[in-house]
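# Reading the structure
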Amino acid sequence: MGTKQNILVVGAGFSGAVVARELANKGYKVKVIDKRNHLGGNAYDEINNGIRVHKYGPHIFHTNNKKVFDWLSQYTEWVEYKHKVKAYHNGQFLTLPPNKETQEILGDKLVEVIFDPYTKKMWGLPPEKVDSTILNRVKVRDDLNDLYFPDCEYQYLPKNGYNQVFENILKHPNILVMLGVDFDKSMEDDYDYVFNCMAIDEYYDYCYGELPYRSIKFHHTRVNNFDMPTAVVNFTDSGPYTRITRWDKFPNHGGGEFYTLEEPCDYKDNNMERYYPVKDINGFNREIYNKYRSIKNDKVQFIGRCGLYVYIDMDMAISSSLAVVDNFIK
């Protein structure tokens, strides 16, 4: 207990950073390692020719969880931003999630235009093979709402970017951060406990088989073929890209045109970068994960998207990690 107990946290994204900070606040000595050369995991952003770019796609903080909002507000100032997304189809920009106007324009082609192409590209599966909880993240509405997160009370972007948020979270005398460091199980001998964000199947050497993940190839460019009405536009065609982001349309992100195209793929086709666990309708992947979770391990607790094999937003990652620390302390 206290400063005598040494903790290793593998992963410097939201899940790992929250665990590290909460434990450090309670007197534990914590080392945080990450195989990447930057903080923030997939929420990391950087300045590119004077424009702030989210390296792994746009991350919009949104939640109804006041506890999470208040916790994160300790480490950042905010700028309010209510996210809007359009779908591009045959020269028209249609509101997403589909509202009454979008439904009137597309009629009985709504699913064919809005959901099917995106789902096939994003998940590499026909829509009928994808778990309905994934598809229900984009809910059809019968009003004229044009906000992407219309029901979230807190919708903001960090005033000075996500990178500064993580620097502030991990700035504590009890926290040591080492970047560009690969995890090795031999490290566990030097610590009393480990919180690990890595893929659980990789940790256990794939003894029950590999868990599938989808990844994204990000193509950064200054060229675009149309004037975007919103910061993010989804494509409804059969081409390789799912969406495009124009970064100067976000507040406090600088001026000048700069775009990012997203091309989904299998994680094995993108340097083993695991972004999205695949939630199949039959639950086969979850069954494999449960086998890994059932392995008794008194020294390691898995956290984060890859450790828990779940598709969660930033606020859910923070909430989960706060609960993990509370349970650990108890």
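Quantities reported herein were computed from a predicted structural model and do not represent experimental measurements.

For the protein chain, the count of helices and strands is ten helices and 17 strands. Here the protein chain has a C-alpha radius of gyration of 20 Å; the compact-globule value for 330 residues is 20 Å, and the two agree. Taken along its principal axes, the extent of the C-alpha atoms in the protein chain is 65 × 45 × 35 Å. Out of the 330 residues in the protein chain, the part that is buried amounts to 52%. Restricting the contact set of the protein chain to residue pairs at least 6 apart, pairs at least 24 apart contribute 72%. In the structure as shown, the protein chain presents an accessible area of about 15,400 Å², 46% of it carried by carbon and sulfur atoms.

Okay, the packing of helix α1 (residues 14-25) against helix α6 (residues 162-169) next. Each pair of packed helices can be summarised by the angle the axes make with each other and by the distance between the axes. For the pair α1 and α6, interaxial distance at closest approach is 9 Å and the crossing angle is 30°. Comparing the axis directions of α1 and α6 gives the class roughly parallel. Where α1 abuts α6, its residues F14, A17 and R21 lie against Y162, F166, N168 and I169. The residue makeup of the contact of α1 with α6, split by class, is five nonpolar, one polar and one charged.

It is worth spelling out the packing of aromatic side chains at this point. The final tally for this structure, using the stated rule, is 34 aromatic pairs. Between Y28 and F328, the ring centres sit 5.9 Å apart and the planes meet at 55°, which makes this aromatic pair tilted. Placement of Y28 in the loop between α1 and β2 (29-34) and of F328 in helix α10 (residues 314-329) is noted, with a sequence separation of 300 residues between them. In this structure Y28 comes out as buried when scored by relative accessible area, which is 3%. Each member of the aromatic cluster is reached from another via a ring pair, and the members are F183, Y203, Y204, Y208, Y292 and F302. Stacked on the ring of Y56, the Lys or Arg R36 has its end atom at 4.2 Å from the ring centre. For the cation-ring pair, K185 lies above Y203, with the distance from its terminal atom to the ring centre recorded as 4.5 Å.

Within the secondary structure, N48 sits in strand β3 (residues 45-48). A residue is classified by how much of its surface remains accessible, and N48, at 25% relative accessible area, is partly exposed. Residues N48 and E262 lie 214 residues apart in sequence; the distance between their C-alpha atoms is 18 Å. If near-sequence neighbours (up to four positions away) are discounted, N48 is found in contact with V53 and F258.

Cut-offs used in this document
- Residues numbered from 1 in each chain as written.
- Predicted model: local features only at pLDDT ≥ 70, side-chain atom pairs only at ≥ 80, totals over all residues.
- Heavy atoms only, no water.
- Helix = DSSP H or I, 4+ residues; strand = E, 2+ residues; numbered from the N terminus.
- Rg over C-alpha atoms; globule rule 2.2 N^0.38 Å.
- Buried < 20%, exposed > 50% of the residue type's maximum accessible area, 1.4 Å probe, protein only.
- Contact = heavy atoms within 4.5 Å.
- Areas by Shrake-Rupley, 256 points an atom, 1.4 Å probe, with all protein chains shown as cover.
- Axes fitted to C-alpha atoms, helices over the stretch in contact; angles between N-to-C directions.
- Parallel < 35°, antiparallel > 145°, perpendicular 65-115°, else oblique.
- Nonpolar A, V, L, I, M, F, W, Y, C, P; charged D, E, K, R; others polar.
- Phe/Tyr/Trp six-rings, centres within 6.5 Å; stacked < 30°, edge-to-face > 60°.
- Lys NZ or Arg CZ within 6 Å of the ring centre and 35° of its normal.

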